[in-house]
Amino acid sequence: MMNAGATPKTNHLLGLRETDVSRITDILDTAREMKNIINRDIKKLPTLRGRAIVTLFFEPSTRTRTSFELAGKYLGADVVNITAAASSVVKGESLRDTLLTVEAMGVDAIVMRHSAEGAAHFASQLVKPVIINAGDGAHEHPTQGLLDLFTIRERKQNLSGLKVAILGDILHSRVARSNIWGLQKFGAEVHVAGPTTLMPVDIEKMGVIVHHRVEDAITDADVINVLRIQKERQEKGLFPTAREYARIFGVNAKRLALAKPDAMIMHPGPMNRGLEISHDVAYSNQSSIQEQVQNGVAIRMATLFLTLTGGKTLETIN
Amino acid sequence: MKLLIKGGHVVDPANGIDQIADIVIDGQKIIGVDLGLSDQTISGGAEIFDATGLVVCPGLIDMHVHLREPGLEAKEEIRTGSEAAAAGGFTAVACMPNTKPIVDNSIMVSGILERARREAAVHIHVIGALTKEQAGKELAEIGDMVQNGAVALSDDGHFVEDARVFQTGLSYASMFDIPVISHAEEESLAGEGCMHEGLVSTILGVKGRPAVAEEIAVARDILLAEYAKARLHIAHVSAAGAVELIRQAKRRGVKVTAEATPHHLSLTDEAVYGFNTATKVNPPLRSADHVRSLIDGLKDGTIDAIACDHAPHAPEEKDVEYRIAANGFTGLETSLGVILTALYHSKELTLNQIVQLMSVSPAAILGVTGGSLAPGATADITVFDPDKEWIVDSKHFYSKGKSTPFDGKTLKGKAVATVVAGQFVMKNGEVL
Ligand SMILES: [Zn+2]
Ligand SMILES: [Zn+2]
């Protein structure tokens, strides 16, 4: 068989699959320093002064976009948001033209969210600015993966040997994919559970352990990462009813009791309380959902800083 | 005017020749193939082509190409597509009917043949639509198209979902003894998929087209062909289960033939990593176990022919994000090189088998002339260098389609000359 072309090494952040452990460690370590900055009264650093960042979102996501925007501003960069209409994407001109236009404006980095898998790769091959993938279809959402790693590392110190359960719609989840790569690179054992219809084929070949009883995945888990269920999956017939989903796959206090006593609960948000997660679990002291949001800003500061400065240490900048 | 192709390694499976020999051509016909023929038959004035170190075989025939004319000339024209064929070593191609409008009547068939007579560098055979507008509802004017030159019928690009319509089409076509070519893929399963469903689609998060979508369709079509006692040809087989279904059907005497493409025989879905839209094709590039089954199918005769499914597109249809990129890519200029690289130099197939798959079988399936160097046959001849290494550079293609997953790859084996009806249409890589 003839071989496929290799992906070139760049400063872009397109996915955690192709990002090596040392680069991830750099980002996580830098994010710790960034988190200290966020907790100061005066957050603004001059580190990225004079740099222009565009957040280019073809799919709405207030949370991720705002997180990147604040991250850029805390580091002194100019950040402009562009929300592009998804309808024109169908014509096949929009993404290319929009990227070329944004490039022509002289920006240094483009943070991109798009419904098509590979959109960030496409951008990275088309234009010169650094591309940061803020979610491409069901492929990857690397900064979410990084903030999840960061949040786990804060609570558990070490990722190696942890049992992490990722629950729900694995098939459509870019968060799940980025988590699977990131966690496995640091030696965590990843278990996935969800309806067979929301489980992609051959996923066990990614190195994870697959369950269809959510109890099996949760038992003795250190970390439970609950994915968002989109109700439209139900309309497409991938599971019968929301009620049935909540009963069979939802994470509630009774199921949580199967996990380690100090197990942490994560959710990439926004939650459907009462569907994939019960209200009491979401707001228990085992929940780290609010920390995830704050850590998201720190991770995005670290990512922007490292990709735009080429990995100089924070000290030399200060 | 006589032409002597001297000292080449002649591979002519139809006549059991696989040795160094000379070929003498007079006008449009082959006079003879033998050693030392030159001395007695040629008496002055013959053009001599020295084929020492080269393979000389009956002209290659690609039974599955899209020439896009009429209506989609930005992608390809009959002239440019035929030049791509000549450059790739093909002396004849059969074009699929999914042009604009669709070739579903005799006027369209005649029109393409007429334009081909004036502009094409190689022989062009026309495949008519099985159903009106390829809509899968009513039969096209099959008899009328056949009487005006159509050599096969196909709704290629679509699976004929209505089993009654497909069975009726098979049955009707059987009166004219021409094959119905099936694009076999159950759409409700393949749906919006952009690549093979498997580990790579799971990693990339891309919707998949499962192999079972093809296997179900092939199974249905075989059963219908058996029932209708009609000739069925399965286009671009890509799934292991489909190969096995065809193998079993042949054993029990169903009149089924099949083709595989150079890309399905040489690439896997791993080529999709990085989201290069040149790897997007329907049916999709599959995993290594499927590729293995296809090669085994070629070896044991389950798959009869190699056809490239030449599907040129305009750049703006490929230079987009993966999900919305057009399916397919240009293939005529890389087909022989890919097959020699992937299957001959790896010792999977002999030259004799490759000529059988790329010339003899397609001629037999379509019932067109070609596939033989017998005295009296039309002098359609391909000369190729099986060892020539070259780097694919789509910028230099004759085809208007520049997208190919082989761009930049080194291939071993290339057509050197193409002779159509006694005339060189390509020599040393240049279309004349
Ligand atoms: Zn087809
Ligand atoms: Zn086709």
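Note that this is a predicted model, so its numbers are computed, not measured.

A. Examining the coordination of the zinc ion (ligand 1) more closely. Residues and elements named next belong to chain B. Protein-derived coordination of the zinc ion (ligand 1) comes from Asp156 (OD), His183 (ND1) and His236 (NE2), at a distance range of 2.0 to 2.1 Å. One chain supplies every donor for the zinc ion (ligand 1), spaced along it as D-x26-H-x52-H. Between the two metal centres, the zinc ion (ligand 1) and the zinc ion (ligand 2), the spacing is 3.5 Å, with Asp156 acting as a shared donor. Here His236 lies in the loop between β13 (232-234) and α9 (240-251) and Asp156 lies in the loop between β9 (150-154) and α5 (163-174), a separation of 80 residues in the sequence. Across the pair, exposure class does not vary: Asp156 and His236 are buried alike.

B. Looking closely at helix α3 (residues 106-119) of chain B. Residues and elements named next belong to chain B. Its 14 residues place the ends of α3 20 Å apart at the C-alpha level, agreeing with the 20 Å of an ideal helix rising 1.5 Å per residue. Those residues of α3 that sit buried are Ser106, Met108, Val109, Ile112, Leu113 and Ala116. Each buried residue of α3 lies within a common arc of 165 degrees when the element is viewed along its axis, so the set occupies one face. Exposed positions of α3 whose direction lies more than 90 degrees from the buried face are Ile107 and Arg118. Buried residues along α3 sit in contact with α2 (78-87), β7 (90-95), β8 (123-128), α4 (142-147) and β9. If you check the start of α3, you find a side-chain oxygen 3.1 Å away from the backbone N of Ile107, and it comes from Asn105.

C. Fine view of the pairing of strand β3 (residues 109-114) of chain A. All names here are of chain A. β3 sits mainly inside the fold: six of its six residues count as buried. Neither face of β3 is open: one carries Ala109, Val111 and Arg113, the other Ile110, Met112 and His114, and all of them are buried. Pairing of strand β1 (residues 52-57) with β3, which is carried by five bridges, proceeds in the parallel orientation. Within the sheet, the bridge partner assigned to Ile53 lies in β3 and is Ala109. Relative to strand β4 (residues 130-136), β3 runs parallel, the two sharing five bridges. Considered in β4, the bridge of Ala109 is made with Val130. Read as a crossover between parallel neighbours, the route from β3 over helix α4 (residues 119-126) to β4 is right-handed.

D. Quick look at the pattern of salt bridges. All names here are of chain B. The full count for this structure, using the stated rule, is 41 salt bridges over all chains. The salt bridge involving Glu226 is made with Arg252; its shortest N-O contact spans 2.8 Å. Here the residue Glu226 occupies a position in helix α8 (residues 211-228), and Arg252 occupies one in the loop between α9 and β14 (256-260), the gap between them amounting to 26 residues. Given a relative accessible area of 32%, Glu226 falls into the partly exposed group.

E. Fine view of the UniProt feature "binding site: Zn(2+) 2" (unreviewed entry) in chain B. Residue and element names in this part refer to chain B. In the numbering adopted here, UniProt assigns the feature "binding site: Zn(2+) 2" (unreviewed entry) to Asp156, His183 and His236. Across 81 residues, the annotated set stays spatially compact, with a maximum C-alpha separation of 10.2 Å. Contacts of Asp156, omitting those with residues within four sequence positions, involve His64, His66, Met96, Asn98, Gln134, His183, His236 and Asp309. Along the chain, the position of His183 falls in the loop between β10 (180-182) and α6 (187-190). Not counting the four nearest positions on each side in its chain, His183 is found in contact with Asp156, Gly157, His158, Phe159, His236 and Asn282. Separated by 3.0 Å, the side chains of His183 and Asp156 make a polar contact.

F. Geometry of the sheet that holds β4 of chain A. All names here are of chain A. Taken in spatial order, the four strands of this open sheet run β2-β1-β3-β4, and their pairing is parallel. One side of each edge strand has no neighbouring strand; the edge strands of this open sheet are β2 (78-83) and β4. Along the sheet, successive strands turn relative to each other by an average axial angle of 15 degrees, direction set aside.

Rules of the game
Counting starts from 1 at the beginning of each chain's written sequence and moves along it residue by residue. Chain labels run from A onward and ligand labels from 1 onward, assigned in the order the entries are written. Two thresholds apply to this predicted model, a pLDDT of at least 70 for residue-level local features and 80 or more for giving and counting side-chain atom pairs, whereas whole-chain, interface and lining totals are computed over all residues. With hydrogens and water excluded, all non-hydrogen atoms of the structure serve as input to the side-chain values. As a rule, N, O and S atoms within 2.8 Å of a metal are its donors, except that Na, K and Ca use 3.2 Å; water is not among the atoms, so sites may look incomplete. Elements are defined by DSSP. Helices are runs of H or I of four residues or more, strands are runs of E of two residues or more, and each kind is numbered from the N terminus. Type-normalised accessible area, obtained with a 1.4 Å probe on protein chains alone, sets the label of each residue: buried when under 20%, exposed when over 50%, and partly exposed for intermediate values. Helix span, expected: 1.5 Å multiplied by one less than the number of residues in the helix. Starting at the helix axis, one direction is taken to each C-beta atom, and the arc is that of these directions. The contact rule is simple, with two residues in contact once any of their heavy atoms fall within 4.5 Å. Within 3.5 Å is the distance limit for a polar contact, defined as a pair of N or O atoms, with the added protein rule that one can donate a hydrogen and the other accept it, and that residues adjacent in sequence qualify only through two side-chain atoms. A pair of strands counts as paired when DSSP detects no fewer than two bridges linking them. Think of it like this: strands point away, you trace from the first strand over the helix to the second, and a clockwise trace means the crossover is right-handed. Salt bridges are defined by distance alone: a side-chain nitrogen of Lys or Arg within 4 Å of a carboxyl oxygen of Asp or Glu. UniProt positions are given in the numbering used here, feature names are shortened, and annotations may be inferred rather than shown by experiment. For helices, the fitted line uses only the C-alpha atoms of the stretch in contact; every axis is such a line through C-alpha atoms, and the angle between N-to-C directions lies from 0 to 180 degrees.

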